[in-house]
Every structure is written in structure tokens, then in C-alpha cells.
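Residue strings, one per chain:
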Amino acid sequence: MNVLILGSGGREHALARACARSPQIGKLIVAPGNPGCATVAATVPLDLADHRRIVELCEREAIDLVVVGPEAPLVAGIADELEKEGVACFGPSRAAAQLEGSKGFAKDFCRAFGIPTAAYGRFRSRDDAKAFIRTRGAPIVVKADGLAAGKGVVVAATIEEAEAAVDALLPASAASGAEVVVEEFLDGEEASFFALCDGVTAAPFASAQDHKRVGEGDTGPNTGGMGAYSPPPIMTPEMSDRVMREIVLPTVRGMAARGTPFRGVLFAGLMIGSDGPKLIEFNVRFGDPEAEVILERLTDDLLPLLEASAKASLAGFSPTFGADAALTVVMAARGYPGEPARGTRILGIEAAERVPGVAVIHAGTRRTADGLVAEGGRVLAVTAKGHTVGEAQERAYAAVDRIDWPEGFCRRDIGWRAVARERGAGS
Ligand code: AMP
Ligand code: GLY
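Quantities reported herein were computed from a predicted structural model and do not represent experimental measurements. (Residues numbered from 1 in each chain as written. Chains lettered and ligands numbered in written order. Predicted model: local features only at pLDDT ≥ 70, side-chain atom pairs only at ≥ 80, totals over all residues. Heavy atoms only, no water.)

(A) Region of the structure containing the overall build of the protein chain. Each helix and strand in the protein chain was counted, giving 14 helices and 22 strands. Here the C-alpha atoms of the protein chain give a radius of gyration of 21 Å, agreeing with the 22 Å that 2.2 N^0.38 yields for 427 residues. The C-alpha extent of the protein chain, read off along each of the three principal axes, is 55 × 50 × 45 Å. By residue count, 56% of the 427 residues in the protein chain fall in the buried class. (Helix = DSSP H or I, 4+ residues; strand = E, 2+ residues; numbered from the N terminus. Rg over C-alpha atoms; globule rule 2.2 N^0.38 Å. Buried < 20%, exposed > 50% of the residue type's maximum accessible area, 1.4 Å probe, protein only.)

(B) Structural detail: the nonpolar core. Ranked by internal contacts, the top residues of the largest apolar core, which has 50 residues, are Leu-4, Leu-6, Val-66, Leu-82, Phe-193, Val-248 and Leu-270. Of all hydrophobic cores here, the second largest spans 39 residues; its members include Phe-194, Ala-203, Ala-208 and Leu-306. (Core = buried A, V, L, I, M, F, W, Y, C linked by side-chain atoms within 4.5 Å.)

(C) Representation of the site of ligand 1. Neighbouring ligand 1 are 14 residues; Glu-183, Glu-184, Leu-186, Glu-190 and Glu-281 lie closest to it. In this structure, Glu-184 approaches ligand 1 through a main-chain N or O atom, which is 2.9 Å from a nitrogen atom. Against a free-state accessible area of 470 Å², the protein chains account for coverage of 90% of ligand 1. Going through the elements one at a time, strand 7 (140–144), strand 8 (153–156), strand 9 (180–184) and strand 16 (276–283) are the ones with two or more residues in the shell around ligand 1. Each residue belonging to the shell around ligand 1 can be placed in one class, and the counts come to seven nonpolar, no polar and seven charged. (Near = heavy atom within 4 Å. Polar contact = N/O pair within 3.5 Å; in protein donor to acceptor, adjacent residues only side chain to side chain. Areas by Shrake-Rupley, 256 points an atom, 1.4 Å probe, with all protein chains shown as cover. Nonpolar A, V, L, I, M, F, W, Y, C, P; charged D, E, K, R; others polar.)

(D) Region of the structure containing the site of ligand 2. In the vicinity of ligand 2, the contacting residues are Asp-210, Gly-224, Phe-267, Arg-285, Gly-287, Asp-288, Pro-289 and Glu-290. Between ligand 2 and Gly-224 there is a distance of 3.1 Å, counted from a nitrogen atom to a backbone nitrogen or oxygen. At 2.8 Å from a nitrogen atom of ligand 2 is found a side-chain nitrogen or oxygen belonging to Glu-290. In the complex, 88% of the free accessible area of ligand 2, which totals 200 Å², lies under the protein chains.

(E) Spotlight on the side chain of Glu-163. Mapped onto the elements, Glu-163 comes out in helix 8 (residues 159–169). Look at Glu-163 and you get buried, because its relative accessible area is 18%. In contact with Glu-163, other than residues within four places in its own chain, are Lys-130, Ile-133 and Arg-134. (Contact = heavy atoms within 4.5 Å.)

(F) Expanded view of the pattern of salt bridges. Under the defined criterion, the tally for this structure stands at 29 salt bridges. When the shortest N-O distance is used, the salt bridge between Glu-296 and Arg-17 registers 2.9 Å. Of the two residues, Glu-296 sits in helix 10 (residues 290–297) while Arg-17 sits in helix 1 (residues 10–20), which places them 279 residues apart along the sequence. Since its relative accessible area comes to 14%, Glu-296 is described here as buried. When its relative accessible area of 22% is taken as the criterion, Arg-17 is described as partly exposed. The partner of Lys-311 in a salt bridge is Glu-307, with the nearest N and O atoms 3.0 Å apart. Look at Lys-311 and you get partly exposed, because its relative accessible area is 46%. Several salt bridges share partner residues, and in doing so they unite Asp-108, Arg-122, Arg-124 and Glu-179 into one network. (Salt bridge = Lys/Arg side-chain N within 4 Å of Asp/Glu carboxyl O.)

(G) Seen up close, the packing of helix 13 (residues 389–400) against helix 14 (residues 416–424). Remark: helix 13 packs on helix 14, axes separated minimally by 8 Å, with the N-to-C direction vectors making an angle of 130°. With respect to helix 14, the element helix 13 is oriented oblique. Residues Val-389, Gly-390 and Gln-393 of helix 13 lie in contact with helix 14, whose contacting residues are Trp-416, Ala-418, Val-419 and Glu-422. Along the lines of polarity and charge, the residues of the contact of helix 13 with helix 14 split into four nonpolar, two polar and one charged. (Axes fitted to C-alpha atoms, helices over the stretch in contact; angles between N-to-C directions. Parallel < 35°, antiparallel > 145°, perpendicular 65-115°, else oblique.)

(H) Region of interest: the packing of aromatic side chains. Taken as a whole and assessed by the stated rule, the structure comprises eight aromatic pairs. Aromatic pair Phe-90 and Phe-286: ring centres 6.1 Å apart, planes at 20°, arrangement stacked. Taken as a pair, Phe-90 in strand 5 (residues 88–90) and Phe-286 in the loop between strand 16 and helix 10 lie far apart in primary sequence, 196 residues in all. Of the residues examined, Phe-90 reaches a relative accessible area of 2% and is grouped as buried. Aromatic side chains Phe-205 and Phe-286 sit 5.8 Å apart centroid to centroid with 50° between the ring planes, which places their arrangement in the tilted category. Residue Phe-205 is located in strand 11 (residues 202–210), and its partner Phe-286 is located in the loop between strand 16 and helix 10; the two are separated by 81 residues in the primary sequence. Given a relative accessible area of 0%, Phe-205 falls into the buried group. (Phe/Tyr/Trp six-rings, centres within 6.5 Å; stacked < 30°, edge-to-face > 60°.)

(I) A look at the state of the cysteines. As enumerated under the stated definition, the model contains zero disulfides in all. The structure places no disulfide on Cys-89, whose sulfur is separated from the nearest cysteine sulfur, that of Cys-58, by 8.7 Å. Note on Cys-89: relative accessible area 9%, which makes it buried. (Disulfide = S-S within 2.5 Å.)

(J) Highlighting the side chain of Ser-309. Position of Ser-309 relative to the elements: it lies in helix 11 (residues 302–310). What Ser-309 contacts, discounting residues up to four positions off in sequence, is Phe-90, Leu-196, Cys-197, Asp-198, Arg-263, Gly-264 and Leu-314.

(K) Representation of the sheet that holds strand 8. Across the sheet, which stays open at both edges, the four strands sit in the order 6-9-7-8 with antiparallel pairing between neighbours. Bordering the open sheet on either side are strand 6 (120–123) and strand 8, each of which pairs with just one other strand. Neighbour-to-neighbour, the strand axes of this sheet turn through a mean angle of 15°, independent of strand direction. Both strand 6 and strand 9 contribute to a ladder of four bridges, which runs antiparallel. Bridge pairing in strand 9 places Phe-123 opposite Val-180. Strands in contact with helix 7 (residues 126–136) are strand 6, strand 7 and strand 9; relative to strand 6, the strand with the most contacts, it is inclined by about 160°. (Pairing = 2+ DSSP bridges.)

Listed below in C-alpha cells is the structure:
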């Protein structure tokens, strides 16, 4: 099978590693890819907004399956474009990608199909949003409607903070068409749940917890994710069944009933509270850095699973994962999540990969005549497997310590919640 993976981050390097392991793989191309992807696949420079060129690349390379990494091309309709040309695509249509592309759409969908989520209102007018906030009180959450790369959400501790968020996210004129969702604050523990979907049915595909805040102890500004681990202790088999029954399957059925079947991976961002799981948000692609850890634990061949999801033949598949835990530590360039320092040299990756169970996934690197340099905010995802989350954590940090990159930084407490639980349990 000739496979094209679209994207250039850690998620795409992890996907490429998993596809490269498949006995069924023919040509493997990542576009545009990164230097990590280039160790397991061919890479082709490409602007992901240029759908015409993507289709041409598929024709030229006789691609059998396109795997779309990030959300933006999906929301822009790349799956529809490929389908028209008869190329199988892992990832939803433009209409189905609205589950991530519009928070308002996702909330209305949940209401229509009885999917548990925070109570909410949708607003185009600042005054109306503020009136709603005052009747609800704080804490309360304000979200921009569209794709915002993790930056469009404000969890406000006070009414004043929530009102300021409305002013920041919504232009003064309601005629702008911009919209915010204001929603109830949910208490509990977060988890990222993944399910493969083929338009008709769905199969659970492991879960993870990520650390969204830049600072230790989960403090400071939000980022795309500073690290992750899998499996999260909170996601027991019973909880996983419940999430499938109460959230994932109703979503797949609801989207099918509306004539916009969902294919690809449904990533449910969950809050697990005392009364069970509630949906915080949907994403329509693998998480980054969650993909790095769940794909390390997958014991099945990934390719048939992706193909079955793309071709509506997932019934009967149940993906299996090893008992080992996996944990990834993101190394970011100083300045992130603000403007990161670019072009600084990174040494020691080979030494890091000699730590047992470790793979150094590239997220934002560039190969130059002088060697490897940082390119972008999140630069490396140092990923380790172990018998426990604690062991995976020790190995990941042993590898981090072998990387010679003074301009990079990472959190030192990735996995703290699970490691504390393991210690409490005496393991
Ligand atoms: P989102 O982009 O919707 O996933 O939101 C980003 C982060 O904001 C989430 O991972 C949560 O930590 C937090 N968040 C979003 N919505 C809520 C909510 N209703 N209650 C509490 N925290 C939330
Ligand atoms: N790590 C969260 C995300 O991929 O959206």
C-alpha cells in the first residue's frame, strides 16, 4: 500500500514510524514532513493549503491512502477533494470536521443527540454574552468559535475576567459574524480519548493524558501540549466502555443520521467528574503529543486499521495495545508558547535514543549543513516505554538529559499524577 501522510509535526513522525513498521507498506511519503520523518519515509515539500498539489502528488506516486495529520486541511475539505479523485483518505469530510472546526456546531450537536457536555450559550454580541455570564456567575469558560490552535479558550475565575475574554475574542460589532461559546466550568480530571470511526461504527483506540500548561504543576499559559502519557489510570475499562456508549457511538450515529458520516479518528477531550465523563471538545485528528504515546503502545498493524476507517470496513476490528506504559516529554524552544528562538543547534539525539525503550520524535526541527536545528515552538517529543508510567518517565528524562540543546526547555514533572498513584499503590 502506498501511503501519503500530510503534516510536519511530532504526530506525523509518530504516524510515519507506525506505518513504516507495517508489512503491507509500499511507498511511504510524508509531506511536508520533517527530519525525523525523513529517517523512515520520503519527504516532499508541500503547502497543505494547496489541495491541487496534494491531488497531483497522489496521482504521480500512485497513493492508495492519504492520512491527514492536522485539522486545518480537513476543515478546508481535503478529504472531499481526495474522494472526488478516488483516493482513500483517513480523516473526515469538511462537513464532519465541523465537530472540531466550530465549537458552536459541536455544542449544538451534543444537545441534539444527548451527549453529555457543559451547559452553554452561543453569542455574536458582546452584551448578550456578558449578560449570560452575569446570570451564570464564575468560574465560567469563554471560547472562540473557530480553530484557534489552543489559544481561543479562557477559563475565567471571575466575572470580570470572563467579560474581558469576551472583549478579546469578539469584535465590538456583532455584524462581524465572529462568535463565542460561553460554557459552564467543569470540575474533574481531563483525559484524551481516541476512537477510530468508519462512518458507521467505531472502535476504541486507547487514551492518554496530556499536560497543556507550559509550567510545572500544570501552571502558566496553555500550549499545544508539553507532554503526555498512556494509559491514564482514570481510564479504566469500565470508563472506556462508558465513553464509547455515551459519547463516541452517539456521535457516529448522529453524524451518519445527518448525512455527514464521520470517518477517521475522533478525539474526545473529556472531563471525568464525579458524575461521569463529559465532553470538553471534539478534535477530528490524533492529538499531538498524544499520538506519540498511543502509537508506541499499539501492538497491531496500524495500516489495516487506517484503511478500514477510510473505507467503511471497521466492523470486527478491535485495536490492541501492549501492557507497557508510554510517556513523552516535549522539549520546546525558549520563548514558547510565545515567540520561540529559532535556528539553535541540537546535539545528542543518538545518545538519547540509546536509552532503552526511547525514541526521539521530531516535532519542529530542520536539517542544515551544520546539523540539526530547532524550527518552531515544540521541537522534540522524547518518548519512552516502560513497565509502569514511572519507569517510562525515568527513561524519558534520562534521554532528555543526554540531549545537548541549551536553548531548549521541558517540564520535569510529566506524568506526575499517574506516577504519584503508582507510588501510592506501592508499585
Ligand atoms: P479546549 O480547547 O476546548 O479543549 O479547551 C482547552 C482547555 O481549557 C481544556 O483542556 C481544559 O483544560 C479547559 N477547559 C475547556 N472547557 C472547559 C470547561 N467547560 N470547564 C473546565 N475547563 C475547561
Ligand atoms: N494535545 C492536544 C491536541 O492535540 O489538541
